[in-house]
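So the chains spell out like this:
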Amino acid sequence: MHRKSKITILTGAGISAESGLGTFRDRNGLWTQVNIEDVATPEAFARDPAKVHAFYNMRRANAADASPNAAHHALTKLQNDWPGDVVLITQNVDGLHERAGSEVLHMHGQLDRALCAACGHRWDAPRVMDPQDPCPDCARPATRPDIVWFGEMPYHMEEIAEHLRDCDLFAAIGTSGAVYPAAGFCAEAAMAGAETVELNLAESDVSASFGQRIEGPASSAVPDWVAGLLAGR
Ligand code: OAD
């Protein structure tokens, strides 16, 4: 890999697993315990906002208690030390990349941000949110977590499409490839000529579309991969 090359990286729940945050689809994952239709759709929020807030209040508390692990820190090192661009895109809402010092595009929103469903205003979420909380801008009691739910459009898609089109290397770390559009990023980048690598504990739904695979826990596989890139291997 040429040292001026541009690297675009997508991360998923697997990168935070060793920080103690559960993934969604692994054994005992969140979606084996809770129904998506009850907590992660706009319809669920319209039906029972208290239940949806309780779910995200719990996840916000878990994320606040967790710390970035060696994989998050290694990606910050890559962003700081690689001579070319390193764009980090995450599906995670836990905030661990920025707490490790990375710059990151959040395509599925952030647990620590609130969004007014009435006027679109955004602000820092309190640790515990309630359906009756008024929006600080329009005062209507329509506050929701700033999370992209199933059936909604992920954030930053135009910018992300550019980063997939013009990167030289695309890497996906700790993501199952079960949720589109993120699951299609490898194919998009490869079609535009990028090399592709998947780092995961196990095979994902889209492993076959990657040129290279590195199997192992993120906390060791990612630092090793970053060290190799920086050493020109
Ligand atoms: P998943 O739970 O679907 O997949 C987690 C992936 O991480 C799997 O492929 C695991 O093999 C891998 N994994 C687990 N532990 C790991 C470790 N220690 N090191 C490396 N890899 C490990 O999570 P995501 O792919 O992130 O969206 O899920 C995508 C989206 O589905 C989420 O952003 C969320 C969810 O529904 C919304 O809520 C909108």
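Counting starts from 1 at the beginning of each chain's written sequence and moves along it residue by residue. In keeping with the model being predicted, local features are shown solely for residues with a pLDDT of at least 70 and side-chain atom pairs are shown and tallied solely at 80 or more, while totals for entire chains, interfaces and linings include all residues. As a convention, hydrogens and water are excluded, and side-chain values are obtained from all of the structure's heavy atoms.

## Observations regarding the packing of helix 5 (residues 70-81) against helix 9 (residues 218-230)
Next up, step 1: For helices, the fitted axis covers only the stretch in contact; all axes are lines through C-alpha atoms, and the angles between them, taken along N-to-C directions, range from 0 to 180 degrees. Every helix listed is a DSSP run of H or I at least four residues long, and every strand listed is a run of E at least two residues long, numbered separately from the N terminus. It is the contact of helix 5 with helix 9, at a shortest axis distance of 7 Å, that shows an interaxial angle of 15 degrees. Regarding the angle of helix 5 to helix 9, the classification is roughly parallel. The handedness of the crossing between helix 5 and helix 9 is left-handed. In this structure, helix 5 uses Ala70, Ala71, Ala74, Leu75, Lys77, Leu78 and Asp81 to contact helix 9, whose residues at the interface are Ala218, Ser219, Val222, Pro223, Trp225, Val226, Leu229 and Leu230.
Next up, step 2: Polarity classes work like this: nonpolar for Ala, Val, Leu, Ile, Met, Phe, Trp, Tyr, Cys and Pro, charged for Asp, Glu, Lys and Arg, and polar for all others, with Gly in that last group. Of the residues contributing to the contact of helix 5 with helix 9, the split by class is twelve nonpolar, one polar and two charged. Note on terminology: angles under 35 degrees are roughly parallel, angles over 145 are roughly antiparallel, angles of 65 to 115 are roughly perpendicular, and the others are oblique. Here a crossing is taken to be left-handed if its near helix is turned anticlockwise relative to the far helix by less than a right angle, and right-handed if that turn runs clockwise. By definition in these notes, contact holds between two residues if any of their heavy atoms fall within 4.5 Å.

## Side note on the sheet that holds strand 6 (residues 143-147)
Next up, step 1: Strands sit in the order 5-4-6 across an open sheet of three strands; the sheet is antiparallel. The sheet is open, and its two borders are formed by strand 5 (122-124) and strand 6, each paired with just one other strand. When strand polarity is set aside, the average angle formed by the axes of neighbouring strands in this sheet is 45 degrees.
Next up, step 2: Bridge count between strand 4 (residues 109-116) and strand 6: five bridges; the pairing is antiparallel. In the sheet register, Ala114 faces strand 6, and the bridge partner there is Pro145.
Next up, step 3: Sitting on the sheet, helix 4 (residues 49-65) is in contact with strand 4 and strand 6, with an inclination near 50 degrees to strand 6. Following DSSP output, two strands are said to pair if at least two bridges run between them.

## Details of the sheet that holds strand 3 (residues 105-106)
Next up, step 1: With respect to topology, six strands assemble into an open sheet ordered 3-2-1-7-8-9, the strand pairing being parallel. Each edge of the sheet is formed by a strand with only one pairing partner; in this case those strands are strand 3 and strand 9 (212-215).
Next up, step 2: Of the pairings in the sheet, the one linking strand 2 (residues 86-90) to strand 3 comprises two bridges and is parallel in character. By the bridge assignment for strand 3, Thr90 is matched with His106.

## Description of the pattern of salt bridges
Next up, step 1: In the sections that follow, a salt bridge refers to a side-chain nitrogen of Lys or Arg positioned within 4 Å of a carboxyl oxygen of Asp or Glu. A complete count under the given rule lists eight salt bridges for this structure.
Next up, step 2: When the shortest N-O distance is used, the salt bridge between Lys77 and Asp81 registers 2.7 Å. Residue Lys77 and its partner Asp81 are located together in helix 5, separated by four residues, close to a single helical turn.
Next up, step 3: Assessed through its relative accessible area of 38%, Asp81 is described here as partly exposed.
Next up, step 4: Among the salt bridges present, the one from Asp146 reaches Arg122, with a minimum N-O distance of 2.8 Å. With Asp146 in strand 6 and Arg122 in strand 5, this pair connects stretches of sequence that are 24 residues apart.
Next up, step 5: Within this structure, Glu198, Arg213 and Glu215 form a network of salt bridges that share partners. Think of it in three bands: residues with accessible area under 20% of the maximum for their type are buried, residues over 50% are exposed, and the middle band is partly exposed, with areas taken using a 1.4 Å probe on protein chains only.

## Digging into the packing of aromatic side chains
Next up, step 1: The pairing test for Phe, Tyr and Trp rings, Trp by its six-membered ring, is centres within 6.5 Å, and the orientation test on the planes gives stacked under 30 degrees, edge-to-face over 60, and tilted for anything in between. In this structure the tally under the stated criterion is seven aromatic pairs.
Next up, step 2: Ring geometry for Trp31 versus Phe150: centroids 6.5 Å apart, planes at 65 degrees, classification edge-to-face. Linking Trp31 in helix 1 (residues 30-33) with Phe150 in the loop between strand 6 and helix 7 (157-165), this pair joins segments that are 119 residues apart in sequence.
Next up, step 3: On the accessibility criterion, Phe150 (34% relative accessible area) is partly exposed.
Next up, step 4: On the numbers, 5.3 Å between centres and 40 degrees between planes, the contact of Phe45 with Trp149 is tilted. Here Phe45 is found in helix 3 (residues 42-47), whereas its partner Trp149 is found in the loop between strand 6 and helix 7, with 104 residues between them in sequence.

## A look at the domain arrangement of the chain
A common measure of how large an interface is: the accessible area buried when the components associate.
Next up, step 1: Marked domain ranges trace back to an automatic or database domain assignment. Partitioning the chain into structural domains gives domain 1 (1-21 + 68-108 + 154-233) and domain 2 (22-65 + 111-147).
Next up, step 2: Each of domain 1 and domain 2 was reduced to a C-alpha centroid, and the two centroids are 26 Å apart.
Next up, step 3: The interface is formed by 14 residues belonging to domain 1 together with 13 residues belonging to domain 2.
Next up, step 4: Buried area counts how much accessible surface, traced with a 1.4 Å probe, disappears from two parts once they are put together, with both parts' losses summed. Of the roughly 980 Å² buried between domain 1 and domain 2 on both sides combined, carbon and sulfur atoms contribute 57%.
Next up, step 5: Three residues stand out in domain 1 for area buried against domain 2, namely Leu21, Val93 and Tyr155, and they jointly supply 51% of the buried area on that side.
Next up, step 6: Tallied by class, the residues present in the side of domain 1 that touches domain 2 amount to eight nonpolar, four polar and two charged.

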